[in-house]
Amino acid sequence: MAELPRLNGVIRALESGQHALTCFSPADIDSAIAMSTSKYDACVFEMEHNPWDGRALRDCLQYMLNRAQIAKSGSIAPAVTPFVRVPVNGVEMGQWHAKQALDIGCYGIVFPHISTVEEAYNAVAACRYPRLKSAPLYEPAGIRGDGPTAACRYWGLTQQEYYQKADVWPLNPKGEIFVVLQIEDTKGVENLDAILSKVPGIGAILIGEGDLGQELGYPRQYDHPELLKWMKRIVDTCKKHNVVVGHPHVEAGNAERIIKEGYRFLMCAPTRSFAHLEKARELTGRK
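Engineer: I keep staring at the overall build of the chain and nothing clicks. Help me out?
Structural biologist: Each helix and strand counted, the chain has 13 helices and 10 strands in total. Over its C-alpha trace the chain gives a radius of gyration of 18 Å, about what one expects of a compact globule, namely 19 Å for 287 residues. Overall, the chain is about 50 × 45 × 35 Å in size when its C-alpha atoms are taken along their principal axes. Scored against the burial criterion, the 287 residues of the chain give a buried share of 54%. If you take every contact in the chain between residues at least 6 apart in sequence, the share linking residues at least 24 apart comes to 66%. As displayed, the chain offers around 12500 Å² of accessible surface, 52% of which is attributable to carbon and sulfur atoms. Each charge class in the chain can be summarised by its mean position, and for the 32 positive and 33 negative side chains these summaries are 6 Å apart.

Shown next, in the form of structure tokens:
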């Protein structure tokens with residue numbers, strides 16, 4: 001079987017040593033159309049604080065496809081890779097949200113409120129198919145149910161090609177599924193070293209500075225020294241384990257600082273002018 005080109009824009013950027021540029025987006029058709037022609041590597045449809053709506057997510061993925069772009073690029077993948085943030089906290093163990101999102105065709109899942117090794121393991125396992133214990137890369141043991149018909153169609157692959165690609169990166173270098181775990185409380189920060197030591201297959205750790213600041217007693221005070229201290233612990237732990245760390249509120253005013261601090265998964269405020277994205281592209285050398 002011939003090697004297929006990289007489909008996931010976030011993985012493509014990170015593999016080439018670049019920063020991955022992303023944003024949150026509401027799961028509606030107008031937003032999907034706007035995102036589809038933007039310069040982001042991916043967009044994350046927001047369904048943690050917005051209602052979970054599988055039909056809306058499916059429609060958004062279809063409107064991310066631009067026939068002219070696909071024809072000119074020679075790639076079967078959308079130019080901007082669709083991810084979704086699922087609604088469940090880690091402790092709720094909602095594997096079915098990840099299963100449905102992946103079966104629709106999403107390339108990445110953002111799991112909010114991950115605080116323990118068990119929760120992190122479950123999140124990555126939810127994005128993997130089961131395999132025998134004797135198989136390579138067995139851990140984390142997959143629990144995703146087998147129903148790939150719609151995902152194969154969306155990715156433009158046969159089922160066997162899809163199975164070769166439907167695994168988590170970077171654990172599987174050929175994988176196209178990107179797992180993002182949000183660390184949003186002090187418990188998660190304190191357990192992060194153990195999480196990254198014991199759970200392979202994590203694509204990135206995304207700081208949840210809003211909830212972390214709420215717990216610390218400084219809600220929405222993103223520049224408060226105490227909050228920044230806890231955030232630095234996350235960055236330092238990710239650097240120790242060579243795991244990508246992400247920031248959810250990158251704006252023109254803070255982009256330079258955030259990039260210097262070592263964040264590589266950059267979520268820009270999704271204004272229709274894309275001013276924050278353009279500033280991040282300039283600072284990271286993206287054309």
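Engineer: Looking at this model, I keep getting lost on the packing of helix 9 (residues 186-198) against helix 11 (residues 225-241). Mind explaining?
Structural biologist: For any two helices packed against each other, the geometry is given by the interaxial angle and the distance between the axes. Relative orientation of the contacting elements helix 9 and helix 11 amounts to 0°, with a least axis distance of 10 Å. As judged from the angle between their axes, helix 9 and helix 11 are roughly parallel. On helix 11, the residues that touch T186, V189, E190, L192, D193, L196 and S197 of helix 9 are W230, R233, I234, T237, C238, K240 and H241. Of the residues that constitute the contact of helix 9 with helix 11, the class distribution is 6 nonpolar, 4 polar and 4 charged.

Engineer: Even after reading the chapter, I still don't get unusual backbone geometry, so can you show me in this structure?
Structural biologist: With the exception of glycine, the majority of residues adopt a negative phi angle, and the majority of peptide bonds are in the trans configuration. Backbone torsion omega between E139 and P140 reads -5°, so that peptide bond is classified as cis. Following the sequence through the fold, P140 ends up in the loop between helix 6 (117-125) and helix 7 (149-155). Backbone torsion omega between W169 and P170 reads 10°, so that peptide bond is classified as cis. The topology assignment puts P170 in the loop between strand 6 (168-169) and strand 7 (177-183). In this model, L137 sits at a positive phi of 55°, which is unusual for a non-glycine residue. As for its position among the elements, L137 is in the loop between helix 6 and helix 7.

Engineer: Honestly, empty space enclosed by the protein in this entry has me stumped. Any pointers?
Structural biologist: Over the atoms rolls a probe the size of a water molecule, and its path tells where empty space is left. Counting across every chain of the model gives 1 cavity of 30 Å³ or more. When its volume is computed, the largest cavity comes out at roughly 70 Å³. In terms of lining, the largest cavity is formed by V88, N89, G90, M93, G94, Q95, F111, I114, E119, N122, A123 and A126. At 3 residues, the largest contribution of residues to the lining of the largest cavity is made by helix 6. Classifying every residue of the lining of the largest cavity by side-chain character gives 6 nonpolar, 5 polar and 1 charged.

Engineer: Sorry if this is basic, but what is going on with a nonpolar patch on the surface here?
Structural biologist: Side chains of I29, I33 and Y63 sit close together on the surface and give an oily, nonpolar patch of about 250 Å² of accessible area. Locating I29 in the fold gives a position in helix 2 (residues 29-36). What makes I29 partly exposed here is its relative accessible area of 33%.

Engineer: Quick question: what am I supposed to make of the pairing of strand 5 (residues 108-111) here?
Structural biologist: Neither face of strand 5 is exposed, since G108 and V110 on one face and I109 and F111 on the opposite face are all buried. Relative to strand 5, strand 4 (residues 81-85) runs parallel, the two sharing 3 bridges. Bridging from a neighbouring strand, V84 pairs with I109 of strand 5. For the crossover that starts at strand 4, traverses helix 5 (residues 95-104) and ends in the parallel strand 5, the hand is right-handed. Where strand 5 meets strand 7, 4 bridges bridge the pair, whose relative direction is parallel. Bridge pairing links G108 to F178 in strand 7.

Engineer: What is the right way to look at helix 6 in this model?
Structural biologist: For helix 6, every residue scored as buried is listed here: E119, A120, N122, A123, V124 and A125. At its buried positions, helix 6 is contacted by helix 5, strand 5, strand 6, strand 7 and helix 9.

Engineer: Please clarify how the nonpolar core should be interpreted in this entry.
Structural biologist: Generally speaking, soluble globular proteins have nonpolar side chains that are buried together. Judged by nonpolar contacts, the single largest core of 90 residues is most densely connected at F111, F178 and I205. Beyond its immediate stretch of four places on either side in the chain, F111 contacts V86, A98, A123, C127, V179, V180, L181 and Q182.

Rules of the game
Residue indices follow the written sequence of each chain, beginning from 1 at its first position. Owing to the predicted nature of the model, reporting of local features is limited to residues with pLDDT of at least 70; listing and counting of side-chain atom pairs is limited to 80 or more, with chain, interface and lining totals taken over all residues. Side-chain measures here rest on the full set of heavy atoms in the structure, leaving out hydrogens and waters. A run of H or I in DSSP becomes a helix once it reaches four residues, and a run of E becomes a strand once it reaches two; helices and strands are each numbered from the N terminus. Values of the radius of gyration come from C-alpha atoms, whereas the globule rule sets the reference at 2.2 Å times the count of residues to the power 0.38. Relative accessible area decides the class of each residue, using a 1.4 Å probe on protein chains only: under 20% of the type maximum gives buried, over 50% gives exposed, and in between gives partly exposed. Contacts are assigned to residue pairs that have any heavy atoms within 4.5 Å of one another. In short, Shrake-Rupley with a 1.4 Å probe defines the accessible areas, and a residue's cover is counted only from the protein chains shown. For the purpose of counting charges, residues Lys and Arg are taken to be positive, whereas Asp and Glu are taken to be negative. His and the chain ends are not included. The atom standing in for a charge is NZ when the residue is Lys, CZ when it is Arg, CG when it is Asp and CD when it is Glu. The angle between two axes is taken between their N-to-C directions and runs from 0 to 180 degrees, where each axis is a line fitted to C-alpha atoms and a helix contributes only its stretch in contact. To sort the angles, those under 35 degrees are grouped as roughly parallel, those over 145 as roughly antiparallel, those from 65 to 115 as roughly perpendicular, and the leftovers as oblique. Amino acids outside the nonpolar list (Ala, Val, Leu, Ile, Met, Phe, Trp, Tyr, Cys, Pro) and the charged list (Asp, Glu, Lys, Arg) are all regarded as polar, and Gly is one of them. The pocket and cavity definitions rest on a 1 Å grid over protein atoms only: a 1.4 Å probe that fits but cannot leave marks a cavity, an open set with protein on both sides within 12 Å along at least five of seven lines marks a pocket, and residues lining either have an atom within 4 Å of a point. Grid points are joined across faces, edges and corners, and a volume is the space filled by probe spheres set on the points. Without a salt bridge and with relative accessible area above 30%, a residue can belong to a patch; like charges are then joined within 9 Å and nonpolar side chains (Val, Leu, Ile, Met, Phe, Trp, Tyr) within 5 Å. The rule for a salt bridge is simple: a side-chain nitrogen of Lys or Arg has to be within 4 Å of a carboxyl oxygen of Asp or Glu. We treat two strands as partners when DSSP finds at least two bridges between them. Think of it like this: strands point away, you trace from the first strand over the helix to the second, and a clockwise trace means the crossover is right-handed. Buried Ala, Val, Leu, Ile, Met, Phe, Trp, Tyr and Cys residues form a nonpolar core when they are joined through side-chain atoms within 4.5 Å.

Geometry only, nothing functional implied.
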